[in-house]
Amino acid sequence: MSFIEEFQANIEALPNHLRRKYALLRDLDKSLQGVQIQNEQRCEKEIEDMIQRIKAGNVTPDSSLIKFSDEALDEQKHAIRIADEKVALAAQAYDLVDAHIQQLDQYLKKSDEDLRREMDTAVVTGAPATAVENNVKSGRSGEGKGGRKKTRLATAAAATATAATPSGMDLDLPVDPNEPTYCFCNQVSYGEMVACDNPNCKIEWFHYGCVGLKEQPKGKWFCSDCAGTQKKRKGK
């Protein structure tokens, strides 16, 4: 059984495991609510009885007799035990999901290593790596955001540059030497990008992370190079 087959077999059982734990959580929550309501009613009655006894002069306000009954205290302890069981069940559900996430991370790492070896072999033997190249280039487009063409060709260095990913993962995927590069980082397009509103901008497109953006800017936006040029023009 391959790693991915093993992972698929394990992940198929995860929903049932989670459903059982969530069902137990619901039962515990229902039981906890019942205990809490019963304890609140008992405590309210006992407090009212204490007030009446104080008013009747049967006990003084600082008397050691002014305390909740053993039954009320036992109910409170029972509620705490149920709450602890809920926390333990929630932790188990979290650990189940986390274990599958770690297993998936291992699979992705192994797949990345296999891809690197395949590309290294293709480079050494001179064999075509069309399938890998198609996989790398899938989803990339020569058309820019807003309908503007990305026309600047990659430099020779871009042929061996590593394509950075928005998640920060170091995949070391090969870059098509004919694919255009952008931004101050001189990398290919990926993730979210923003266009400089200066029509004469030499770079034109920028990755959000490289220019400190987290979302699409409102109104016109200029890169740092063009922003300086705009200020000089306004100053004149």
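Residues numbered from 1 in each chain as written. Predicted model: local features only at pLDDT ≥ 70, side-chain atom pairs only at ≥ 80, totals over all residues. Heavy atoms only, no water.

Caption draft 1: Spatial organisation of unusual backbone geometry. Phi at Asn 186 takes a positive value of approximately 55 degrees, unusual for a residue other than glycine. Within the secondary structure layout, Asn 186 lies in the loop between α3 (130-137) and β1 (193-195). By relative accessible area, Asn 186 is classed as partly exposed at 26%. At Glu 204, a residue that is not glycine, the phi angle is positive and equals roughly 80 degrees. (Helix = DSSP H or I, 4+ residues; strand = E, 2+ residues; numbered from the N terminus. Buried < 20%, exposed > 50% of the residue type's maximum accessible area, 1.4 Å probe, protein only.)

Caption draft 2: Quick look at the packing of aromatic side chains. One pass over the full model with this rule turns up two aromatic pairs. With a centroid separation of 5.0 Å and an interplanar angle of 50 degrees, the aromatic rings of Phe 184 and Phe 206 are classed as tilted. With a gap of 22 residues between them, Phe 184 in the loop between α3 and β1 and Phe 206 in strand β2 (residues 205-207) connect regions that are remote in the sequence. By relative accessible area, which is 0% here, Phe 206 ends up buried. On the basis of an interplanar angle of 65 degrees and a centroid distance of 5.6 Å, the ring pair of Phe 206 and Trp 221 is categorised as edge-to-face. In this pair, Phe 206 is assigned in strand β2 and Trp 221 in the loop between β2 and α4 (224-235), connecting sequence segments 15 residues apart. An aromatic cluster of at least three residues, connected via ring pairs, comprises Phe 184, Phe 206 and Trp 221. (Phe/Tyr/Trp six-rings, centres within 6.5 Å; stacked < 30°, edge-to-face > 60°.)

Caption draft 3: Summary view of the side chain of Thr 181. Considering the arrangement of structural elements, one finds Thr 181 in the loop between α3 and β1. By relative accessible area, which is 1% here, Thr 181 ends up buried. Polar side-chain contacts of Thr 181 include one of 2.9 Å to the side chain of Asn 186. (Polar contact = N/O pair within 3.5 Å; in protein donor to acceptor, adjacent residues only side chain to side chain.)

Caption draft 4: Structural detail: the pattern of salt bridges. Scanning the model with the defined rule gives six salt bridges in all. Residues Lys 86 and Asp 29 are paired through a salt bridge, measuring 2.7 Å at the closest nitrogen-oxygen approach. Highlighted residues: Lys 86 in helix α2 (residues 70-125) and Asp 29 in helix α1 (residues 3-55), separated in sequence by 57 residues. You can call Asp 29 partly exposed: its relative accessible area is 26%. (Salt bridge = Lys/Arg side-chain N within 4 Å of Asp/Glu carboxyl O.)

Caption draft 5: Region of interest: the nonpolar core. Counting 15 residues, the largest nonpolar core has Val 194, Cys 196, Cys 201, Phe 206, Trp 221 and Cys 223 as its most contacted members. Elements with a minimum of two residues in this core: β1 and β2. For this core, the element with the highest residue contribution is β1, accounting for three residues. With sequence-adjacent residues up to four places away left out, Cys 223 is seen in contact with Phe 184, Cys 196, Cys 201 and Phe 206. (Core = buried A, V, L, I, M, F, W, Y, C linked by side-chain atoms within 4.5 Å. Contact = heavy atoms within 4.5 Å.)

Caption draft 6: Region of interest: the environment of Arg 53. Mapped onto the elements of the fold, Arg 53 is located in helix α1. Residues Arg 53 and Ile 66, 13 residues apart in the sequence, show an inter-C-alpha distance of 9.7 Å.

Caption draft 7: Just the state of the cysteines, in detail. Counting across every chain of the model gives zero disulfides. With no disulfide of its own, Cys 196 has Cys 226 as its nearest cysteine by sulfur position, at a separation of 3.7 Å. Judged by its relative accessible area of 0%, Cys 196 falls in the buried class. (Disulfide = S-S within 2.5 Å.)

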